Amino acid sequence: MKILMNEKGYSLILTMLIFLLFTVLSVSVLTVALSGVKRNQTSEDYVQARELANKGIEHITNQIQSDLKNELGEEGITRSEFITKLNTILNRYKDVINSVHNTGATGEYRVYIRNIENVIENGEENPLKKKITFLSRGFVDGKEKTVISEVEIGAQSVLETLHYALGANKLCKTPNACIPGEGNMFLHGGVSITGDMKVDGNLIITNRGYAYLSGEKWIASVYPSILPTQGKANANLLLGGNIFTFNHTPPYEQHITTSNFGSSYTKLTDRIDDAFYNRQAPVIVKRQPIRDDIQIPAQKSVFYYKHNSPGVTIIKANNRIISNQNRPNDKVYASHDECFFIWCNEKYDGDYTFTGNNLFKSFATAGSLTIRNSDNQFKQTTFKEGAYIEENLTIGNGSNSYNPNNYDKIRVDGPIFVNGDLTIKGADAEFNSIMYVMGDVTIEYSRINGLGQNGSLIIFANGNINIRNNSVNQDEPSNIKGFFYSEQALEMFGVGSNIRIEGGISARRIVLNAIRGRASNQNFSGAQKITNNDYFEGAQNQIGKPSRLQIIYDPEIINTYADIKSREPVIKNLDPPKIINRDIE
């Protein structure tokens, strides 16, 4: 009986132990599960707090941009006014007591400007821009995350375009908006490039130059060369597509407008050395292209004013000639009288001519303008705050000579907007100018140098740019110091012409044709005959000879752009905010 009772007691104890064990295990599992849920909830809270802190940065950045745009309005404000407004608006959000605060369904954020610093560009302060350090805190269910972000805000940064010797830009956003061959660059024959290149599309290369000489002619030459600028080991090639070569003779127009390079073209992207002179190739850099939004038509309102605008001084031009005007503080508008017998009417359109030395605060005309100089000494035209030309601008005497001694000696200083075409012909010119041109640009029979130590000619054209007929069949090149940007295609020839550009070229499609060595209308030793009047250096003899089309990047072009841009009378556009750094604490 005792044995039986002992067995029942043991069973009871065992049952209780098992029950206790399962209870402990259940509680443990439940505790772990609840702890995991709590950890997940905590982790999610921190993620949401971080997202809210980032939204705070976005909020205050957009608010500052909106405040600045409201101050600019449609007409813009002066440079000095913009500097004052920028500092006032930024100080409005500086320090924790001026925090921007927002509360939503998931939590809240508080963001403010912790620090404001000057921006240094090319070794000098840009007073139109500031580097801002934002501190933003996000809060969710008692959890907190802090984001610290450095952002540049302001106006007038240097364009990406100006960093390259050559740039082929793909600007179209839809296929129907593209020009044929958009973003492609064609280097035909012995072109010489010093500096980096940017090609948003494909790079097409051959060892022959093209010219139309009594028909389409592909002239035996060498491959193009590319060298780094001083202080660099290699030139860089920012490439969006591929590199192709070809040795057949395609119809020229069809060739430069295609975007489909089939079996008659050889892809050399992976062995780029084979496509360049002396096998000295650039280093390929792959990245998404940065597209400048230059908005050439929008620049018109920066310079435009009427004859009856406030503060305008009317200059009446006898025979439509304006000579030796010294008006550094005047906003000038040109007029002339049109007379019939004794009755005269004041007119503002027509063709005006500048001669001698002319200095204006600003200048505008409803007609065209020609700048001439018949003197053997240089004469200068200066627009301190810019000029507006409603129709066309012509600089030079129109000479067809290849001798610079026959050209007008002209200096031009200041920014200009041309609503028509720009022609530089028969000019031995020195420039320190940015020109916005709505029409086409033609530069021929001219020599162009910089005005002063760092001066240059920078052209942004809505139409085509044609640089041609400079030093044809001459051994010495025409020197052209400038940077040329076109919203269309750009085509240049250094086959008969001999051109040396110090600056750069940028367009939606670029085609360069060149050889090295001599060109003549008469036979010479070692020449290859193309027609009875066209002889060029033989292909083997071109090795080691100078190119007849040289593009040499000028790093000072960036400083020149910034200096001239700062002289424009008003600020109308903001740069997009540029994130420099972002840390999460």
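Preceding this section is the structure that the text describes.
Rules and cut-offs
- Residues numbered from 1 in each chain as written.
- Predicted model: local features only at pLDDT ≥ 70, side-chain atom pairs only at ≥ 80, totals over all residues.
- Heavy atoms only, no water.
- Pairing = 2+ DSSP bridges.
- Helix = DSSP H or I, 4+ residues; strand = E, 2+ residues; numbered from the N terminus.
- Axes fitted to C-alpha atoms, helices over the stretch in contact; angles between N-to-C directions.
- Contact = heavy atoms within 4.5 Å.
- Phe/Tyr/Trp six-rings, centres within 6.5 Å; stacked < 30°, edge-to-face > 60°.
- Lys NZ or Arg CZ within 6 Å of the ring centre and 35° of its normal.
- Buried < 20%, exposed > 50% of the residue type's maximum accessible area, 1.4 Å probe, protein only.
- Arc of directions from axis to C-beta.
- Disulfide = S-S within 2.5 Å.
- Patch = residues over 30% accessible without salt bridge, like charges linked within 9 Å, V, L, I, M, F, W, Y side chains within 5 Å.
- Areas by Shrake-Rupley, 256 points an atom, 1.4 Å probe, with all protein chains shown as cover.
- Salt bridge = Lys/Arg side-chain N within 4 Å of Asp/Glu carboxyl O.
- Core = buried A, V, L, I, M, F, W, Y, C linked by side-chain atoms within 4.5 Å.

### Section: the sheet that holds strand 2 (residues 100–103)
Spatially, five strands are ordered 2-3-4-5-45 in an open sheet, and the strand pairing comes out antiparallel. Only two strands of the sheet have a single neighbouring strand rather than two, namely strand 2 and strand 45 (578–584). Strand-to-strand twist in this sheet, taken as the mean axis angle between neighbours without regard to direction, amounts to 20 degrees. Pairing of strand 4 (residues 124–140) with strand 5 (residues 143–154) involves twelve bridges; the strand directions are antiparallel. Bridge pairing in strand 5 links Lys129 to Gly154. This element, helix 2 (residues 79–91), spans strand 3 (108–121), strand 4 and strand 5 of the sheet and lies at about 20 degrees to strand 4.

### Re the pairing of strand 21 (residues 343–347)
Two elements, strand 20 (residues 326–340) and strand 21, share five bridges in a ladder whose sense is antiparallel. Considered in strand 21, the bridge of His336 is made with Lys347. In sequence, strand 20 turns back onto strand 21 through a hairpin of two residues, with Phe341 there showing a positive phi of about 55 degrees.

### Digging into the packing of aromatic side chains
On inspection of all chains with the given rule, the structure shows 23 aromatic pairs. Three or more aromatic residues joined by ring pairs form one cluster here, namely Phe186, Tyr210, Trp218, Phe244, Phe246, Tyr252, Phe261 and Tyr265. Stacked on the ring of Tyr304, the Lys or Arg Lys300 has its end atom at 5.4 Å from the ring centre.

### Quick notes on helix 5 (residues 557–565)
For helix 5, the set of buried residues is Ile557, Ile558, Thr560, Tyr561, Ile564 and Lys565. The arc enclosing the buried residues of helix 5, seen along the axis, measures out at 165 degrees, which places them on a common side. In this structure, the buried residues of helix 5 make contact with strand 31 (427–437), strand 34 (457–461), strand 36 (478–486) and strand 43 (549–553).

### Digging into unusual backbone geometry
Phi is positive for Ser214, close to 55 degrees, though the residue is something other than glycine. Positive phi outside glycine occurs at Arg320, with the angle close to 65 degrees. Within the secondary structure layout, Arg320 lies in the loop between strand 18 (312–316) and strand 19 (321–323). Of the residues examined, Arg320 reaches a relative accessible area of 27% and is grouped as partly exposed.

### So, the state of the cysteines
Tallying each qualifying case throughout the model produces two disulfides. One disulfide in the model links Cys172 with Cys178; its S-S distance is 1.9 Å. Note on the Cys172 and Cys178 pair: the S-S dihedral is about 70 degrees, so by sign convention the disulfide is right-handed. According to the relative accessible area criterion, Cys178 is partly exposed, its value standing at 27%. Between the sulfur atoms of Cys339 and its disulfide mate Cys344 the distance is 1.9 Å. Disulfide Cys339 to Cys344: torsion about the S-S bond roughly 105 degrees, handedness right-handed. What links to what in the protein chain: the bonded cysteines, counted in sequence order, pair as 1-2, 3-4.

### A word on the environment of Gly262
Residue placement: Gly262 occurs in the loop between helix 3 (252–257) and strand 16 (266–267). For the pair Gly262 and Ile284, spaced 22 residues apart in sequence, the C-alpha separation works out to 22 Å.

### Thoughts on a nonpolar patch on the surface
A contiguous nonpolar patch, built from Phe340, Phe341, Ile342 and Trp343 and spanning about 610 Å² of accessible area, is present on the exposed surface. With respect to the helices and strands, Trp343 occurs in strand 21. Classification of Trp343 by relative accessible area gives exposed; the value is 59%.

### Brief notes about the pairing of strand 31
The element strand 31 is largely enclosed, with a buried count of eleven among its eleven residues. What you see with strand 31 is no split at all: Ala427, Ala429, Phe431, Ser433, Met435 and Val437 on one side and Asp428, Glu430, Asn432, Ile434 and Tyr436 on the other are buried throughout. Relative to strand 31, strand 28 (residues 408–413) is paired through six bridges, and the arrangement is parallel. Bridge assignment links Asp408 to a residue of strand 31, and that residue is Ala427. Where strand 29 (residues 416–418) meets strand 31, three bridges bridge the pair, whose relative direction is parallel. Looking at strand 31, one finds that Ile416 is bridged to Met435. When strand 31 meets strand 33 (residues 447–450), the two strands line up parallel, connected through four bridges. Residue pairing for strand 33: Glu430 is matched across the bridge by Asn449. Pairing of strand 31 with strand 34, which is carried by five bridges, proceeds in the parallel orientation. The residue of strand 34 that forms the bridge with Tyr436 is Phe460.

### Concerning the nonpolar core
Membership of the largest hydrophobic core comes to 94 residues, with the highest contact counts inside it found for Met197, Leu203, Phe363, Ile395, Met435, Ile459 and Phe460. When residues in this core are grouped by element, the largest group, seven residues, is from strand 31. Leu203 has contacts with Met185, Leu187, Met197, Leu237, Leu239, Asn242, Ile243, Phe244 and Phe276, leaving out every residue within four places of it along the chain. In terms of nonpolar packing, the next biggest core, distinct from the first, is built from 28 residues, Ala53, Leu86, Ile89 and Leu90 among them.

### Observations regarding the pattern of salt bridges
Here the structure, examined in full by the defined rule, presents 28 salt bridges. Across the pair Glu51 and Arg50 runs a salt bridge, and its minimum N-O distance is 3.8 Å. Judged by relative accessible area, which is 30%, Arg50 ranks as partly exposed. Residue Lys481 pairs with Asp554 through a salt bridge whose shortest N-O separation is 2.6 Å.

Nothing here speaks to function; it is geometry throughout.
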